[in-house]
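# Structural overview for review
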Amino acid sequence: MAEAGVSRLSQPEAPRSTGSVSVLDVLRQMSFRDMLEHLPQIPCARSSLLFGMSSAASIGTIQLFAGRGVGRAVNWTVGTFLFVSVVGW
């Protein structure tokens, strides 16, 4: 039972005996959908994705207005987004 004035959450729990856990067990429990749902909650991921989107929109617009064609502008947009997001993270 928790002491008066002390939150139950602040008390450490005893480690659970789960036996040995392999990497394969962890990978089986992970899902791509769960990773995508929690990605915006990671502060550095959120800022790098936003910076990547704004950079990609800028570069893509410049390429389009420079008369390089839609296909080339889209290639530059996607490449810029991926590069800036990964480097920014």
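Since the structure is predicted, the reported quantities are computational estimates derived from the model, not experimental observations. (Residues numbered from 1 in each chain as written. Predicted model: local features only at pLDDT ≥ 70, side-chain atom pairs only at ≥ 80, totals over all residues. Heavy atoms only, no water.)

### Some points on the overall build of the protein chain
Tallying secondary structure elements over the protein chain gives four helices and zero strands in all. Going from N to C terminus, the protein chain has its helices and strands arranged as α-α-α-α. Going through the 89 residues of the protein chain one by one, you find that 12% of them count as buried. Partitioning the intrachain contacts of the protein chain with sequence separation of at least 6 by distance along the chain shows that 55% fall at a separation of at least 24. Total accessible area computed for the protein chain in this model is approximately 7700 Å², and 65% of it derives from carbon and sulfur atoms. (Helix = DSSP H or I, 4+ residues; strand = E, 2+ residues; numbered from the N terminus. Buried < 20%, exposed > 50% of the residue type's maximum accessible area, 1.4 Å probe, protein only. Contact = heavy atoms within 4.5 Å. Areas by Shrake-Rupley, 256 points an atom, 1.4 Å probe, with all protein chains shown as cover.)

### Regarding a nonpolar patch on the surface
A cluster of nonpolar side chains, contributed by Val-21, Val-23, Leu-24, Val-26, Leu-27, Met-30, Phe-32, Met-35 and Leu-36, occupies part of the molecular surface with about 910 Å² of accessible area. Looking at which element gives the most residues to the nonpolar patch, the answer is helix H1 (residues 23-29), with four residues. Relative to the assigned elements, Phe-32 resides in helix H2 (residues 32-38). (Patch = residues over 30% accessible without salt bridge, like charges linked within 9 Å, V, L, I, M, F, W, Y side chains within 5 Å. Salt bridge = Lys/Arg side-chain N within 4 Å of Asp/Glu carboxyl O.)

### Description of the packing of helix H3 (residues 43-65) against helix H4 (residues 70-88)
Put simply, H3 and H4 touch, their axes get as near as 8 Å, and they point 155° apart. One element, H3, and the other, H4, form an angle in the roughly antiparallel class. Relative to H4, the crossing made by H3 is right-handed. For the pair H3 and H4, the contacting residues are Ser-48, Leu-49, Phe-51, Gly-52, Met-53, Ser-55, Ala-56, Ile-59, Gly-60, Gln-63 and Leu-64 in the first and Val-70, Ala-73, Trp-76, Thr-77, Thr-80, Phe-81, Val-84, Ser-85 and Gly-88 in the second. Residue composition of the contact of H3 with H4, by class: eleven nonpolar, nine polar and no charged. (Axes fitted to C-alpha atoms, helices over the stretch in contact; angles between N-to-C directions. Parallel < 35°, antiparallel > 145°, perpendicular 65-115°, else oblique. Left-handed = near helix turned anticlockwise from the far one by under 90°. Nonpolar A, V, L, I, M, F, W, Y, C, P; charged D, E, K, R; others polar.)

### Points about the confidence of the model for the protein chain
Detailed reading of predicted coordinates is not advised where the pLDDT is low. This prediction gives the protein chain a mean pLDDT of 79; 79% of its residues lie at or above 70. Taking the mean pLDDT of every element in the protein chain, the minimum, 77, falls on H2 and the maximum, 91, on H4. (pLDDT = per-residue confidence, 0-100.)

### A short note on the environment of Val-84
Within the secondary structure layout, Val-84 lies in helix H4. With a relative accessible area of 16%, Val-84 lands in the buried category. For the pair Val-84 and Phe-51, spaced 33 residues apart in sequence, the C-alpha separation works out to 7.2 Å.

### Description of H4
With 19 residues, H4 should cover 27 Å at 1.5 Å per step; its first-to-last C-alpha distance of 26 Å lies within 8% of that length. Within H4 the residues assigned to the buried category are Ala-73, Thr-80, Val-84 and Ser-85. One face of H4 carries all of its buried residues, which in axial projection span an arc of 110°. Every exposed residue of H4 that faces more than 90 degrees away from the buried side is listed here: Asn-75, Phe-83 and Val-86. Each element contacted by the buried residues of H4 is listed here: H3. (Expected span 1.5 Å × (residues − 1). Arc of directions from axis to C-beta.)

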